[in-house]
Amino acid sequence: MTTMVDIGTQGFTRTQRVDSASRLDRVLDAKTRTIGVDKGALAGQMAEKSMQLSADKSRDTAYDQMANYFDNKMLLLEQEKRNIQREINKDHVNHWQTVQPIHTRREWDLNDPDYKKKDYPARVGDDDPRLGVSAAQCFTGEDLSAGHRKKLQLMQQKSWCDQQNHEKSEKKRKEAADEAAYEALRRAQLDHQDAVANAEMDARRAHTKQTAVDNMCLANQKAHKAAADKHAENHANHTEQYNTFNSAFMTEHGITAQSVMSDTRKRMDHYKGMNAEEAGNVREFQAMQRDELAMKRQNEKAEQQAYDQYTENVRRQLCQTASQIEQFRQEQRKAVTEELQAQGAEKAARDTHLNKTLYTNVPKPDYFAQFGTNHR
């Protein structure tokens with residue numbers, strides 16, 4: 001086991017002690033010495049790292065679960081707090097409505113909409129105890145002419161009543177006159193409506209008679225027009241039949257396809273097909289194309305045969321070259337074999353000379369016993 005010690009702040013470590021026995025075991029172990037890696041230590045490190053990762057993962061999972069639990073708990077507490085606050089608010093409102101109504105408040109007299117209806121008048125009478133000197137409501141010697149004033153008031157009231165009766169009578173008279181005038185106007189309007197209705201009936205009868213006369217004229221005109229149209233249609237049908245049987249366009253005459261710009265050009269909008277001469281020219285041109293195609297295929301066949309002959313010659317030449325190369329390789333292998341045999345014979349003779357003549361010293365057991373006794 002190797003102990004590593006930190007040397008000051010220089011940033012490096014130094015081996016303080018070495019276990020000679022363990023190092024000797026590692027030196028004598030051919031597998032460890034050849035590979036140079038302690039698989040057991042690596043496996044232990046990997047297992048330790050896996051355990052550490054598992055522990056970290058378990059810790060993170062536990063932390064997440066705990067955080068989720070406290071989060072849910074806080075949400076429940078927050079909801080409970082809101083419910084409690086809502087109940088408290090409801091209790092406050094109920095208390096205000098039952099124990100502290102609005103009319104029990106000290107400022108209700110300022111907010112009461114019926115305050116003026118409930119308030120007393122400024123002066124109830126001459127003996128009102130609320131009236132003082134500063135109220136300016138009751139003075140010495142006041143209301144001495146109350147009887148005379150009351151008499152005058154009654155006279156004034158009677159005068160108002162008489163005036164109202166006169167106005168009402170005048171209003172009834174005017175209404176009767178207006179009713180009579182309206183009745184006269186209504187009768188005059190009814191008479192006028194009767195006269196207008198009779199005149200309208202007479203005009204309608206006259207219009208009906210005139211309409212019948214006009215319809216008769218229109219019927220005669222329509223009959224004459226139908227006869228003229230039928231005559232024109234028969235004439236157009238005869239003209240169409242004549243043009244159909246004698247028209248160059250309808251009979252598809254070849255002259256209609258000839259262009260006025262050139263004798264060799266055709267009008268595609270009037271072209272109806274080739275004549276016998278043009279069809280013969282086309283057949284001759286097609287026969288010439290078939291002959292050219294047969295000649296082309298014959299030439300291609302000859303070229304293919306020549307190419308096949310060339311490739312066959314190349315193949316034969318390549319086969320001959322491959323045979324020569326194989327023969328050369330066999331000769332080379334034979335020469336190498338003979339050379340190896342000669343070298344083997346030479347080595348056997350040299351080994352015999354070295355073992356039997358030159359190296360005759362036999363090592364003693366002490367020579368072999370010294371190996372493996374020290375890590376050096």
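Because the structure is a prediction, the values reported are computed rather than measured.

## Points about the overall build of the chain
If you tally the helices and strands in the chain, you get eight helices and two strands. Its helices and strands in sequence order give the chain the pattern β-β-α-α-α-α-α-α-α-α, from N to C terminus. Pairs at least 24 apart in sequence give 8% of the contacts found in the chain among residues at least 6 apart. As displayed, the chain offers around 34800 Å² of accessible surface, 55% of which is attributable to carbon and sulfur atoms.

## A short note on the pattern of salt bridges
The final tally for this structure, using the stated rule, is 15 salt bridges. As a salt-bridge pair, Arg186 and Glu183 come within 2.5 Å of each other at their nearest N and O atoms. Note that Arg186 and Glu183 are positioned in helix α6 (residues 146–246) at a spacing of three residues, about one turn of the helix. Arg186 sits in the partly exposed class, given a relative accessible area of 32%. We classify Glu183 as partly exposed; its relative accessible area is 24%. For Arg187, the salt bridge goes to Glu183, with nearest N and O atoms at 3.6 Å. With Arg187 and Glu183 both in helix α6, this residue pair falls four residues apart, about one helical turn. One continuous salt-bridge network, built from bridges that share partners, spans Glu183, Arg186 and Arg187.

## Topic: the environment of Gln100
You can see Gln100 is positioned in the loop between α3 (39–98) and α4 (108–111). Not counting chain neighbours up to four residues away, the residues in contact with Gln100 comprise His95 and Arg105.

## Re the confidence of the model for the chain
This prediction gives the chain a mean pLDDT of 82; 82% of its residues lie at or above 70. Contacts of residues 1–18 to residues separated by more than four positions or lying in other chains number 20 contacts, the stretch itself having pLDDT below 50.

## Observations concerning a nonpolar patch on the surface
Side chains of Tyr63, Met66, Tyr69 and Phe70 sit close together on the surface and give an oily, nonpolar patch of about 480 Å² of accessible area. Within the secondary structure, Phe70 is located in helix α3.

## Things to note about the packing of aromatic side chains
Within the structure shown, the criterion is met by one aromatic pair. Between the aromatic rings of Tyr69 and Phe70, the centroid separation amounts to 5.5 Å while the plane-to-plane angle is 70°, which identifies the pairing as edge-to-face. Among the residues examined, Tyr69 registers a relative accessible area of 52% and is labelled exposed. On the accessibility criterion, Phe70 (45% relative accessible area) is partly exposed.

## Let's talk about the side chain of Asp112
Take Asp112: it is sitting in the loop between α4 and α5 (115–118). Owing to a relative accessible area of 12%, Asp112 belongs among the buried residues under this scheme. Among the polar contacts listed, one links the side chain of Asp112 to the backbone nitrogen of Asp114, at a separation of 3.2 Å.

So, how was this worked out
- Residues numbered from 1 in each chain as written.
- Predicted model: local features only at pLDDT ≥ 70, side-chain atom pairs only at ≥ 80, totals over all residues.
- Heavy atoms only, no water.
- Helix = DSSP H or I, 4+ residues; strand = E, 2+ residues; numbered from the N terminus.
- Contact = heavy atoms within 4.5 Å.
- Areas by Shrake-Rupley, 256 points an atom, 1.4 Å probe, with all protein chains shown as cover.
- Salt bridge = Lys/Arg side-chain N within 4 Å of Asp/Glu carboxyl O.
- Buried < 20%, exposed > 50% of the residue type's maximum accessible area, 1.4 Å probe, protein only.
- pLDDT = per-residue confidence, 0-100.
- Patch = residues over 30% accessible without salt bridge, like charges linked within 9 Å, V, L, I, M, F, W, Y side chains within 5 Å.
- Phe/Tyr/Trp six-rings, centres within 6.5 Å; stacked < 30°, edge-to-face > 60°.
- Polar contact = N/O pair within 3.5 Å; in protein donor to acceptor, adjacent residues only side chain to side chain.

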